[in-house]
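Observations on the three-dimensional arrangement
Given next are the chains, with one letter for each unit.
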Amino acid sequence: DSGVTQTPKHLITATGQRVTLRCSPRSGDLSVYWYQQSLDQGLQFLIQYYNGEERAKGNILERFSAQQFPDLHSELNLSSLELGDSALYFCASSGTGRGANVLTFGAGSRLTVL
Amino acid sequence: AQSVTQPDIHITVSEGASLELRCNYSYGATPYLFWYVQSPGQGLQLLLKYFSGDTLVQGIKGFEAEFKRSQSSFNLRKPSVHWSDAAEYFCAVVPPGGSYIPTFGRGTSLIVHP
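Residues numbered from 1 in each chain as written. Chains lettered and ligands numbered in written order. Predicted model: local features only at pLDDT ≥ 70, side-chain atom pairs only at ≥ 80, totals over all residues. Heavy atoms only, no water.

1. Concerning the overall build of chain A
Definition in use: Counting from the N terminus, the helices are the DSSP runs of H or I reaching at least four residues and the strands are the DSSP runs of E reaching at least two. For this measure, only C-alpha atoms enter the radius of gyration; the expected value for a globule follows 2.2 Å times N^0.38, where N is the number of residues. Between buried and exposed lies partly exposed: a residue is buried under 20% and exposed over 50% of the maximum accessible area for its type, with that area taken using a 1.4 Å probe on protein chains only.
Secondary structure assignment for chain A yields 0 helices and 11 strands. Shown N-terminal to C-terminal, the secondary structure of chain A runs as helices and strands in the order β-β-β-β-β-β-β-β-β-β-β. Its C-alpha atoms give chain A a radius of gyration of 13 Å, within 12% of the compact-globule value 13 Å for 114 residues. Principal-axis analysis of the C-alpha atoms gives chain A an extent of 40 × 25 × 25 Å. Each of the 114 residues in chain A was classed as buried or not, and the buried ones make up 53%.

Set out below in structure tokens:
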């Protein structure tokens, strides 16, 4: 157990729908990162939050949004889903100082869009 | 363009044989360097990291990596592979300058034959 908790583990939905993925970071970590893993794109950075504030944005689609709450858990919202959004979505967290460079990953949420 | 490359998509070794997984990066200055491992159905786990200093880095599970500035490489090695080492291995870099956002290579899938 890495200490980073992601729910749900698996999710099957239809095109056009909206889903929310949840992440609880490791205790004490202030930063949360979201990555998308697919066979054709590899691991793609989506977005990072630090202590409730958006810190960096990567290849995140406009249909996707995220936030980090005061208790530091984070949610990734995916809307108007398309077949190509089927992927494994990882949340990771990190600490401060040199530890800010070291990510601890959750087990991922596998999204299947039919 | 800045990038990290893992030239080998798949590597097959026999149990007990030695292993070397390649990683090359293209950045103006030496980035922070990492190797992560992803077992089937799991998230990514940090094997080892290099920030500065001794260019030979020891990690968990008997892995080591050597940073070679002249070759812009950070290859992962293990002297004797175990069947449980079968997994996906990712090289990651954090560019110098404080963004803290790791960029991951496409990964190398390790297959271990008995």
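2. Looking at the packing of aromatic side chains
Our working definition: Each Phe, Tyr or Trp ring (for Trp, its six-membered ring) is paired with any other whose centre lies within 6.5 Å, and the angle between the two planes then decides the class: stacked below 30 degrees, edge-to-face above 60, tilted in between. The rule for a charge over a ring is simple: NZ of Lys or CZ of Arg within 6 Å of the ring centre, and within 35 degrees of the ring normal.
For the coordinates displayed, the defined rule picks out 16 aromatic pairs over all chains. On the basis of an interplanar angle of 45 degrees and a centroid distance of 5.6 Å, the ring pair of B:F63 and B:Y89 is categorised as tilted. One end of the pair, B:F63, is in the loop between β7 (56-58) and β8 (64-68); the other, B:Y89, is in strand β10 (residues 87-94), and 26 residues separate them in sequence. Residue B:F63 shares its accessibility class with B:Y89, and that shared class is buried. Ring pairs connect the aromatic residues A:Y35, A:F45, A:F90, A:F105, B:Y32, B:F34, B:Y36, B:F51, B:F90 and B:F104, which therefore count as one cluster. When the ring centre of A:Y50 is taken as reference, the NZ or CZ atom of A:R55 above it lies at 4.5 Å.

3. Quick look at unusual backbone geometry
With an omega of -10 degrees, the peptide bond running from A:T7 to A:P8 counts as cis. Assignment of secondary structure puts A:P8 in the loop between β1 (5-7) and β2 (10-13). Its identity as a non-glycine residue notwithstanding, A:N51 has a phi of 50 degrees, on the positive side. Looking at where A:N51 falls in the secondary structure, it is placed in the loop between β5 (42-50) and β6 (53-57). Residue classification places A:N51 among the partly exposed residues on the basis of a relative accessible area of 45%. The phi dihedral of B:K61 falls on the positive side, at around 60 degrees, and the residue is not glycine. Relative to the helices and strands, B:K61 resides in the loop between β7 and β8.

4. Here's the deal with the nonpolar core
Let me state the cut-off plainly: Nonpolar cores are built from buried Ala, Val, Leu, Ile, Met, Phe, Trp, Tyr and Cys residues. Side-chain atoms within 4.5 Å join them into one set.
With 27 residues, the main nonpolar core has B:W35, B:L48, B:F74, B:L76 and B:Y89 as its most contacted residues. If you list the elements that add at least two residues to this core, you get β2 (10-14), β3 (19-21), β5 (32-38), β6 (44-50), β8, β9 (73-78), β10 and β12 (108-113) of chain B.

5. Points about the interface of chain A and chain B
Often, the extent of an interface is quoted as the loss of accessible area upon association of its parts. Rules: We call two residues contacting when some pair of their heavy atoms lies within 4.5 Å. What gets called buried area is simply the loss in accessible area from a 1.4 Å probe that two parts show on being joined, summed for both. A carboxyl oxygen of Asp or Glu within 4 Å of a side-chain nitrogen of Lys or Arg is what we treat as a salt bridge. The term polar contact refers here to a pair of N or O atoms within 3.5 Å; inside protein, the definition further demands a hydrogen-donor-capable atom paired with an acceptor-capable atom, and it admits residues adjacent in sequence only when both atoms are side-chain atoms.
The partner chain B presents 20 residues to the 21 residues of chain A that form the contact. It is A:L43, A:R98 and A:N101 in chain A that bury the most area against chain B; as a group they hold 34% of the surface buried on that side. Linking chain A with chain B are 0 salt bridges, by the criterion used here. Taken together, chain A and chain B are joined by 5 residue pairs in polar contact (both at pLDDT 80 or more). Listing elements by their share of the side of chain A that touches chain B, those giving two or more residues are β4 (31-38), β5 and β9 (87-94) of chain A. Of the residues forming the side of chain A that touches chain B, the biggest block, 4 residues, is contributed by β5(A).

6. Remarks on the pairing of β9(B)
All names here are of chain B. To keep it simple, the criterion reads: Here, any two strands with at least 2 DSSP bridges between them count as paired.
Among the 6 residues in β9, 5 count as buried, and that is most of the element. Bridge count for β8 against β9 is 5 bridges, and the pairing is antiparallel. For F67, the partnering residue across the bridge sits in β9 and is F74. Between β8 and β9, which pair antiparallel in sequence order, lie 4 residues; one of them, S72, sits at a positive phi of approximately 50 degrees.

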